Amino acid sequence: MTTQQTYHFPFAAYPALRIAILFAAGIILDYMTNPHQFVWGLIFTVSATVYIAAEIRYRKSLHNRIYNMVILSYLAIILSFGGLWHSLFDYRDLPQEARVINTYTWEELIFSGSIEQIKQTSTGKLQIDVEVDKTIFPENLPWAKTYRVRSVLDPNKQPVPPNLKLGNTIIFEATIYPLEEKRNPSQFHYKQYLASQNIHSQVGIRKIISITPDNNRGSWSSIRKHVLNAIDNNFSQQTKSLAKALLIGYKNELVREQKISFSRAGLSHIMAVSGLHVGFLLLPFWFIIPFFWTFKYGKQIGMILLVVILFIYAGLTDFSPSVTRASLVGILLAYGKLFHKVRDSKNLTAVAAVIILLINPSDLFSIGFQLSFGAVYIILLTAPVIQRWLPIWIRFRWYGKPLMIIIISFIVQVGLFPLLAYYFGEFSLIGPLANAFVIPFLGIAVPYSLCILLVSFFAPMLAQTLNYPVEVFLRWLHQFVDFAAGLPWGWVQVHIDSLLFFGVWIAIIFFIASLPIPKLRWKFLAILLLASCLHQGQKVFHQLSEATLNLTFFDVGQGDAALVETPNGKHFLIDVGRWQPDYNSAKYIIIPHLKEEGIDKLDAIFLSHPHADHIGGILEIMTTIPIDTIYNSGTNYDSKLYESYYQEADEQKIPIKPLKAGDEIALDPALRMFVYGPQKSIAQSNVNNRSLILELIYGDTEFLFMGDAEEEQEKNILAAYPELLNTDLLKVGHHGSKTSSSSFLLQATTPKIGIVSLAKSNRFGHPHRQASKRLNKNISLLHFTSLEGAIQYTSNGKRIYR
C-alpha cells in the first residue's frame, strides 16, 4: 500500500522573501490606517514578549501548539515592525523645518543654498530645487537649518543668470507659496510628489542676490556637471538631450512630446536610468567573474571593483533611487556568484528590498520600486521555464543567449502590464516588440558611450569621433520611436477597474513558474481560477447593483466643468473649464480623470456659453478623446478659441448642435434632459443671459444647471416654465455673482443642495456678499469648490447622496 504525498512549498528556503513580504505588509497597513505610533509600538512589544516566552517554553516541551504560537508571534513582530518603521519615517508627515517656513506663507524670506536640480516647465518657468543651508527671516534673523525647497523662477519677471548651474551656491529672495492638497479626483498630487522628494516648501523667486561657482571639484554635483558638458561635446544638438536621459537619467531637457512618444512606443523606461542600465554595466563583469577565481584575493578585488563602478554610476545619476536599488541587487547577486555563497536570486533580491525599505519605507509606494522589483521577479520566476521550452538546438547555439535576452525583454513588458495600465492608463502594444528590437543595441551603446565619456575629458575631438556610432544609433532611435508611437494600433488606453485584476495577473505568473512542478502547478491553477472567478464575480455584482447617476463637479478655479455618468454608462460633460495662455483645465484635471476612470469616449459635451472659463478645455479634449456630439447655446462669439473649436469640429466631423428652450435630449433612456434656455425669441447682447440651462431628471431626483445665467434670464425661464423648475440640486449660476441666483429663482426652485464653482480670492470678488446671503438663506447644503475642491454626488433615483 502506497501513500500519496502532498507537495509542500519550501517556505523555509526563502527566509528573506518571507521577511520582505511581511515587512511590506506592515508598511501598507500603516499607510492605509495611519494609527498612532504608540499602537504599533505596543503590538511590537507584546509580539516580541510572546515570542520570547513561547520560544523558551517550546524548547522545554516541544509542543506543536507552542510552536505555532512561536511562528505567529514571529510573523507579528515583522509585520508590526514594518508598520512602526513606516510611521516613524512617513514622508507625509511635515518636518519641523517645513512647519517653520510655511508659517511665512505669502511673505518674503532670503534663502542661501546649493542648486540641486534645474528643470524648465512647459510654461517656460524654471523649477530650481535648492538644498538650503541658511535662511534669513525678517529683521535679518539667520537660521542655519538644512532642508530642501523648490523655487520657481519666471524668466518674464526675472532674467535667468548665465551662471545658474548645478552645484553653484545661490542666494535669493522669494515669496513662500502654499502647497495645497489634491483638489480633484485623479489629479496629480503635486504636494505628495514633492514630499516624496523630501521637499515640503515651494517659493517664487523675486530677486536673485548672488550666484557663486561651486569650488568643490570633488562634489557629486560638480562631477555631474562635467559629465553633462562631456555629453554636450560628444553628441549633436539633435541627440544630446536624449543622450543625457539615456546615460545618466537627466531628463530636464527633454520636451513633453518626446516623453509621450517614448511612452507610447513602450520605451519610456530606457530614459529612467534603472536596473536596465545597471544590468548593462554588470553584463561584461558577469562574463569575467571566472577570471577573478583564478588568483589569490581575486574575488575580493572583483567585489571592490564592482562596488566602485556602481557607486560612481549611482553618483552620476544623482543617486537615483532606481539605480541605488538596482546596484544593491546587483552587488548582492555578484557577491553570491563570486564567493560561491547564497545563489538564490529570489532571496538576495528580497534582501535588497528589505535594505531599501529600511532606508526609506515610503519607497514601497514609488512606481520605480514596484516596476524594478516587479521586473526582477517576473524574470526570476518565468525566464527559467521559458528557457526550458526553447529547443536545445537553439539554446546552445551562438544566437541562443541574444534570443533569450529578446524573449526576457518581451515577457517583462507583458508581465508589467497591470502596473503600467494602473499608473499611466496606457499600454503600448508595440512596446514588447520595440523593446525586443531596441534593448540589444542599447546594451552595447550605453556602456560604450559611458567609456567614451572618460576619453572626452582628455581628448574631446577623439571622443567625438569614437562616439559617432552611438550618435547614429540615437538618431535612428528617435526616428524609430516617432514611427512606433505614430502607429494607430501602437498603443491603447486601458483601465484597471479592480485591484483583484492584480491578483489574477500574479496568479498567472506563479502558474507559469510552477509548470515544471506537476503537484504545484495544479494548486496555482486552482488559485488562478479562484482569482478569476472573484474578479468576474465582482463585475457581475457591480452590474446587478442598483443603477446610479454620478456627477462630478470639478474644481477648475474660476470656471465651470462637470462630468455626468448616466445609469446606463453614458458619459458627458457640462462645460469644460477655463483657458489661459499656459494652462487649460482639460489637460491637468478633466482628461486625467477620464483616463483613470477608463472613459475612452464622450457621448456629448454641453457648452453653456462661449466664455473661456466654460469652453477653455474644449480643444484639448477634442484632440484627446472621441466625442459624439457637441451641444451649445447657438450664440456667436468673437474669440479665437471659439472659432478654433468650430474649425476642429469640422475637421474631425464632430456635429455641433445649438439648443434652445423647449428641446429635450435623449442620451440615456433612464434619464430625461430638458432645455430651459436660451429662449429663441429673446435677443440678448449679454452672452451670459443666453446660457444653456439644463435640467436632468433621474427617477424622483432633479438637477438644474444654470450656466452663467443672470437675473434677466432667470426671470424669463421662470415666466416660461413656472411649474418645471423645482429641483433637488442646483448648479449655481455665474460662480456666485450678485447678478445671479436671485431670491425669486431660489424660492421657485427650492434646491436642497447647491454647488458654486469658483476660485479662491478671484479678481471678480465671487461669491458676492449679497449672493452668499441669498444662497445660504434658501439652500440647506451649500458647497464651494474654492473651499472643498471637487464635489461628487450620486443619485439612485430616489435620493441624492455623496
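Residues numbered from 1 in each chain as written. Predicted model: local features only at pLDDT ≥ 70, side-chain atom pairs only at ≥ 80, totals over all residues. Heavy atoms only, no water.

A.B. asks: Lay out the pattern of salt bridges with the relevant residues and their values.
C.D. replies: Pairing is possible between side chains of opposite charge, provided their charged atoms come close. Scanning all chains against the criterion turns up 21 salt bridges. A salt bridge links D90 to R92; the nearest nitrogen and oxygen atoms lie 2.7 Å apart. Residue classification places D90 among the buried positions, given a relative accessible area of 6%. Here R672 ties to E664 by a salt bridge, and the two come within 3.4 Å at their closest N and O atoms. (Salt bridge = Lys/Arg side-chain N within 4 Å of Asp/Glu carboxyl O. Buried < 20%, exposed > 50% of the residue type's maximum accessible area, 1.4 Å probe, protein only.)

A.B. asks: Go over the pairing of strand 14 (residues 604-607) with me, naming the residues and quoting the values.
C.D. replies: Along strand 14, one buried face is formed by A604 and F606 and the opposite face, lined by I605 and L607, is buried too. Here strand 11 (residues 571-576) runs beside strand 14; their pairing, made up of three bridges, is parallel. Bridging across to strand 14, F572 finds its partner in A604. Note that strand 14 and strand 15 (residues 630-632) share three bridges and pair parallel. (Helix = DSSP H or I, 4+ residues; strand = E, 2+ residues; numbered from the N terminus. Pairing = 2+ DSSP bridges.)

A.B. asks: Residue-level account of the sheet that holds strand 10 (residues 561-565), with values.
C.D. replies: The strand order across the open sheet built from eight strands is 16-15-14-11-10-9-24-25, with neighbouring strands paired in mixed fashion. The two strands at the open ends of the sheet, each matched to only one other strand, are strand 16 (656-658) and strand 25 (800-801). Note that strand 15 and strand 16 share three bridges and pair parallel. Within strand 16, the residue paired with N632 across the bridge is P658. Running at roughly 165° to strand 11, helix 23 (residues 585-596) makes contact with strand 9 (549-553), strand 10, strand 11 and strand 24 (791-795) of the sheet. (Contact = heavy atoms within 4.5 Å. Axes fitted to C-alpha atoms, helices over the stretch in contact; angles between N-to-C directions.)

A.B. asks: Describe the layout of surface pockets, and please don't skip the residues or the numbers.
C.D. replies: If you add up the space inside the second largest pocket, you get close to 630 Å³. Contributing to the lining of the second largest pocket are 21 residues, with H495, D497, H542, E565 and E597 lying nearest its centre. Taken together, the elements giving at least two residues each to the lining of the second largest pocket come down to helix 22 (518-544), strand 9, strand 10 and strand 24. Counting residues per element, the lining of the second largest pocket draws most heavily on helix 22, which supplies five residues. (1 Å grid on protein atoms, 1.4 Å probe; cavity = no way out; pocket = protein on both sides within 12 Å on 5 of 7 lines; lining within 4 Å. Points joined across faces, edges and corners; volume = space filled by probe spheres on them.)

A.B. asks: Break down empty space enclosed by the protein for me, citing the residues and quoting the values.
C.D. replies: A complete count under the given rule lists five cavities of 30 Å³ or more for this structure. There is about 90 Å³ of room inside the largest cavity. As for the largest cavity, its lining consists of D560, A561, A562, I574, D575, S608, L692, L694, F705, M706, G707 and K731. Residue assignment for the lining of the largest cavity shows that the elements contributing at least two residues are strand 10 and strand 11. Residues of the lining of the largest cavity, tallied by class, amount to seven nonpolar, two polar and three charged. (Nonpolar A, V, L, I, M, F, W, Y, C, P; charged D, E, K, R; others polar.)

A.B. asks: Summarise unusual backbone geometry; cite the residues concerned and give the values.
C.D. replies: In this structure, P678 follows G677 across a cis peptide bond, with omega equal to 5°. Among the secondary structure elements, P678 is positioned in the loop between strand 18 (672-677) and strand 19 (693-698). Note the cis peptide between H766 and P767, where omega equals -5°. Tracing the backbone through its elements, the reader meets P767 in the loop between strand 22 (753-756) and helix 29 (769-778). The backbone of W106 sits at a positive phi, close to 70°, despite the residue not being glycine.

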